Amino acid sequence: MLGRYVEQILSIYNHVDTLILTDERGYVDYYMTWRPDVNTNKAENIVGKYVLDAWGDLDEESSTILKCLRTGEPVLNEYQVFRYGILSVPSINTTMPLREQGKLVGTATMVRYLGEPFKRSEIVLDIKEKDDFNTRYSIDDIKGCSDSVRFLKEKIRMVANTNSSVLIYGETGVGKELVAQSIHALSDRKNKKFVSQNCAAIPDNLLESILFGTVKGAYTGAENRPGLFELAKGGTLFLDEINSMNISVQAKILKAIEDKEVTRIGGISPIETDVRILSATNENPMDCIENKKLRRDLFYRLSVVEIDIEPLRCRREDIKFLTDYFINQNNTRMNRAIIGVDEEVEKIFDSYEWPGNIRELKNILEGAFNVATSRTIKKEFLPGYIIPSSYTSRSIHEKKQIPVWEEGENFSIENAVQEYEKELITAAVESSESLAEAAAKLGISRQNLNYKLKKYSLNEG
């Protein structure tokens, strides 16, 4: 397999939008796109196909891959147009021959998209202050191919250049700090400090001094120290797990935000602040208010804009995308040549609930890399807890037998589809402990499941 050459190729030819590797016969051996916003093709629908079957608009003469295989010579910067759904995307393709010990073993094609709005028109280098508070992530680090991820990125771009407070809600491991850093990196404050504090990581009696600072002598051992509000002056202050903060400290946070000034513990002189507040909670904000974990007035002040990040189980199309991404990342870091997960692992990943979300997927794959003895990730390389004890190849996702029609029978496709959908929903609900779990198995939102239960009268009786 030619996947082991991917990182070597990318180190020579940077900033490609799509990379295609074929064998010496013209069959696709590896396919990866870094532009799912433009290119809707999936690797599983491309790999293994003959190049003219994978791209029906091409022929023997227009295909740079087949031209390269015929001549053994590179085809440089050739103009082509690819169709992705309703989009016709112009591109520049470079196809290079791949050789092992002088023998032609395949080709590597690097694709760059042209024209608005497809092309990457520039590489932006942000000038940042040299301190320990700069962001490590940008919006390009938010990975996924689902509509949910696309909408998330659109919202980040929309709110970045305002000074409004943003409350980010999402389960553990979905990437809340990544979203916060992306907002800062796209904002007018990007050249100032990004200061992050996990409120659950600091005892209540210390959190106040960390946030507001101290004056020497305020208590035993206290020194003149600025708090995070002062350190973030002109920049962004991100308060993670705000729902874990003591209610009394929340009242002081609210006052600091409204007055745009803080007073150090033990001090008497207020200090003006100029910070944008981003915050996050790993529990539903309204539940936090109901359970007295979050002040209602502080919630209203922090949630001028609210960004909800869907859990991984509700956007299952991202699982395969992220799996490929982390495999490529681990191959580079660990100097391995893993080409993917086998079919059994793919089914396990697709049916698993992912309570730890993207972080859990990343860690599971890293763990598998440490013990893998083959070119693919197999079930035995996964931690035991992810594999159901009753795991079999049969599930509610199996194909239903196509009915046989009697002569003269009028059978509606629409009715058949609805009947099958009802059976799937019933099976999912009966095998789940909650509607949220059933919705995750079906790959739909809980709201959509409630609608379908009502539509088919499945919640009656």
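A few points on the structure. (Residues numbered from 1 in each chain as written. Predicted model: local features only at pLDDT ≥ 70, side-chain atom pairs only at ≥ 80, totals over all residues. Heavy atoms only, no water.)

**Regarding the side chain of Gln 80**
Inclusion rule: Only DSSP runs of H or I covering at least 4 residues are called helices, and only runs of E covering at least 2 are called strands; the numbering of each starts at the N terminus. Think of a polar contact as two N or O atoms within 3.5 Å of one another; within protein, one of them needs to be a possible hydrogen donor and the other a possible acceptor, and neighboring residues in sequence only count if both atoms come from side chains.
Examined against the element boundaries, Gln 80 turns out to sit in strand S3 (residues 75-84). A polar contact of 2.4 Å, which involves the side chain of Gln 80, links it to the backbone oxygen of Ser 62. A distance of 2.2 Å separates polar atoms of two side chains, one belonging to Gln 80 and the other to Asn 93.

**Focus: the sheet that holds strand S5 (residues 103-113)**
We count it as follows: Note on pairing: two strands pair once DSSP finds at least 2 bridges between them. The convention used is that axes are lines fitted to C-alpha atoms, helices contributing only their stretch in contact, and that angles between N-to-C directions extend from 0 to 180 degrees. Every residue pair with non-hydrogen atoms within 4.5 Å of one another is taken to be in contact.
Pairing is antiparallel across the open sheet formed by five strands, whose spatial order is S2-S1-S5-S4-S3. The open sheet is flanked by strand S2 (28-33) and S3, the only strands paired with a single partner. Sheet twist, expressed as the average angle between the axes of neighbouring strands with direction ignored, equals 25°. Helix H4 (residues 64-71) rests against strand S1 (18-23), S3, strand S4 (87-100) and S5 of the sheet, and its axis sits at about 150° to S5.

**Some words on the pairing of strand S10 (residues 236-240)**
The line we're drawing: Burial classes follow relative accessibility: with a 1.4 Å probe on protein chains only, a residue under 20% of its type's maximum area counts as buried, one over 50% as exposed, and anything between as partly exposed.
In terms of burial, S10 is a largely internal element, five of the five residues being buried. Side chains Thr 236, Phe 238 and Asp 240 of S10 all project onto a buried face; the interleaved residues Leu 237 and Leu 239 project onto the opposite face, where all are buried too. Note: strand S7 (residues 194-198) against S10, five bridges, orientation parallel. Bridge pairing in S10 links Phe 194 to Thr 236. The sheet contact formed by S10 and strand S13 (residues 276-281) spans four bridges and is parallel. Looking at S13, one finds that Leu 239 is bridged to Ser 279.

**A short note on the sheet that holds S13**
Within the open sheet, the five strands sit side by side as S7-S10-S13-S6-S14. Their pairing is parallel. At either end of the open sheet lies a strand with only one pairing partner, and these are S7 and strand S14 (305-308). Neighbour-to-neighbour, the strand axes of this sheet turn through a mean angle of 15°, independent of strand direction. Along the sheet face, helix H5 (residues 147-160) touches strand S6 (166-169), S13 and S14 and points at about 160° away from the line of S14.

**Concerning H5**
Heads up, the rule is: Here, expected helix span is obtained from the residue count minus one, scaled by 1.5 Å. The arc in question is the one traced by the directions running from the helix axis out to the C-beta atoms.
The end-to-end C-alpha separation of H5 is 20 Å, in line with the 20 Å expected for 14 residues at 1.5 Å each. Every buried residue of H5 is accounted for by Val 149, Leu 152, Lys 153, Ile 156, Val 159 and Ala 160. Along the long axis of H5, the arc covered by the buried residues comes to 140°, so they all point the same way. Those residues of H5 that are exposed and aimed more than 90 degrees away from the buried face are Phe 151 and Met 158. At its buried positions, H5 is contacted by S6, helix H6 (176-186), S13, S14 and helix H12 (317-334).

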